[in-house]
Amino acid sequence: MLIQAARMRSTLSKLSGLFTLLIFPLVLFSQENKFSTYTQDLSGTDLKFDMVAIPAGEFMMGSPENEAGRHPDEGPQHPVKISAFWIGKHEVTWDLFEPFVYKNQEIRLSKIPLTQEVDAMTRPTRPYVDMTWGMGKEGFPAIGMTHYAAVQFCKWLYTRTGIFYRLPTEAEWEYACRAQTKGPYSIVEGSKLDEYAWYSDNSDNKTHLVGSKKPNEWGLYDMHGNVTEWTIDQYKADTYSTYKNTTALNPLVPAETLYPHAVRGGSYEDSASTLRSASRRGSNAEWKKIDPQIPKSNWWLTGGTFVGIRIVRPLVPPTKEEILAYYNREPIADY
């Protein structure tokens, strides 16, 4: 197992340059006036989800030193330029995630036979417990997936739509969350956080229907609270020191180890300060130790009832070879 992990780290290191190109292909900015918010249908089903167009721009990433609740890993604050992309209007719900988990359910929902590629998709270990933990299913955020499972869900969407979907980078996530705001939260001045977020003060310690609070200025719901959301990046507490006195262009920290990956946004069980736009957190092996599976799920499931997904689509897609290289990396054993 240790040898496998070492080989995996070596391979990821060699591919880091390719990985960066994959996530941020050469952007033709002249195309930006041709992209807009849209609804993605999954052919042969009634399943659909909304993607919001986010324009290219520049923002200050991180938090100022005088921001209440600030942690050292949020600084130094630094300018970042972001290329245009689409991002999910909502957190991915069980309606969309469950057909990926359960092939039989996908077959039942499909009005036409599955294609060979979709039919051959590798899927999670079948859960032996209710993965919603009684918090709600239809219209509620999907929870309890590992980072690997989140990436494979994106691959499933690719096989269903032919469109490259992935997890956001930390920078993309914060840029989309802020929606050109500069304060601790992306809320309209004079409003209350309760109007925008489910968190420890108002959630009754459970998830809630996505989109049941107010959206930010770019029309994105639940960027604060409900469930915390996976990003692509490896979490490193000192990441921002790399960009001191520079303007970062589409920054990304390629993952070379299983833990920690960066998650953003805070969840229903977190305090208000953890929901701030700049707040960062890394995944932890402890999430896996309470995996509800017996025997343990090797790659797919976690006991993290507070973690979910929001997806991104870059304006200019990578090549098919680069896309498959992203989706088909071997998982690192994590049990």
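Residues numbered from 1 in each chain as written. Predicted model: local features only at pLDDT ≥ 70, side-chain atom pairs only at ≥ 80, totals over all residues. Heavy atoms only, no water.

**Some points on the overall build of the protein**
Then, in step 1: Of regular secondary structure, the protein possesses eight helices and 11 strands.
Then, in step 2: By the burial criterion, 57% of the 335 residues in the protein qualify as buried.
Then, in step 3: Sequence separation of 24 or more characterises 78% of the internal contacts of the protein that already satisfy a separation of 6 or more. (Helix = DSSP H or I, 4+ residues; strand = E, 2+ residues; numbered from the N terminus. Buried < 20%, exposed > 50% of the residue type's maximum accessible area, 1.4 Å probe, protein only. Contact = heavy atoms within 4.5 Å.)

**With respect to helix 6 (residues 170-178)**
Then, in step 1: Among the nine residues that make up helix 6, nine are buried, leaving the element largely enclosed by the rest of the structure.
Then, in step 2: Within helix 6 the residues assigned to the buried category are Glu170, Ala171, Glu172, Trp173, Glu174, Tyr175, Ala176, Cys177 and Arg178.
Then, in step 3: Ala179, located one to two residues past helix 6, shows a positive phi value of around 50°.

**Here we look at the confidence of the model for the protein**
Then, in step 1: Of the residues in the protein, 86% have a pLDDT of 70 or more, and the chain-wide mean is 87.
Then, in step 2: Below pLDDT 50 for its whole length, residues 26-32 participates in 13 contacts with residues either more than four positions away or in separate chains. (pLDDT = per-residue confidence, 0-100.)

**Considering the packing of helix 5 (residues 147-161) against helix 8 (residues 320-327)**
Then, in step 1: Interaxial distance between helix 5 and helix 8 falls to 9 Å at its minimum, and their mutual angle equals 145°. Across the interface between the two elements, Val151, Gln152, Cys154, Lys155 and Tyr158 of helix 5 pack against Lys320, Ile323, Leu324, Tyr326 and Tyr327 of helix 8. (Axes fitted to C-alpha atoms, helices over the stretch in contact; angles between N-to-C directions.)

**Some details on the packing of aromatic side chains**
Then, in step 1: Counted under the stated rule, the structure contains 20 aromatic pairs.
Then, in step 2: Between Phe59 and Tyr175, the ring centres sit 5.3 Å apart and the planes meet at 45°, which makes this aromatic pair tilted. With Phe59 in strand 3 (residues 57-61) and Tyr175 in helix 6, the pair connects residues that are 116 residues apart, well separated along the chain.
Then, in step 3: For Phe59, a relative accessible area of 10% puts it in the buried group.
Then, in step 4: Take Tyr175: its relative accessible area is 5%, and that puts it in the buried class.
Then, in step 5: Grouping aromatic residues by their ring pairs yields a cluster made of Trp94, Phe97, Phe100, Tyr148, Phe153, Trp156 and Trp300.
Then, in step 6: Taking the ring centre of Trp198 as reference, the NZ or CZ of Lys213 above it sits at 4.1 Å.
Then, in step 7: Note that Arg280 overlies the ring of Tyr240, its terminal NZ or CZ placed 4.7 Å from the centroid. (Phe/Tyr/Trp six-rings, centres within 6.5 Å; stacked < 30°, edge-to-face > 60°. Lys NZ or Arg CZ within 6 Å of the ring centre and 35° of its normal.)

**Comments concerning the nonpolar core**
Then, in step 1: Among the nonpolar cores identified, the biggest contains 54 residues, and Phe97, Phe153 and Ile311 are the most heavily contacted of them.
Then, in step 2: Looking at this core, the elements with two or more residues in it are strand 2 (48-54), helix 2 (94-101), helix 5, strand 6 (228-234) and helix 8.
Then, in step 3: In terms of residue count, the dominant contributor to this core is helix 5 (eight residues).
Then, in step 4: When residues no more than four places from it in sequence are discounted, the contact partners of Phe153 are Val92, Leu96, Phe97, Phe100, Ile309 and Ile311.
Then, in step 5: Counting residues in hydrophobic clusters, the runner-up holds 21 residues, among them Ile54, Phe59, Trp173 and Cys177. (Core = buried A, V, L, I, M, F, W, Y, C linked by side-chain atoms within 4.5 Å.)

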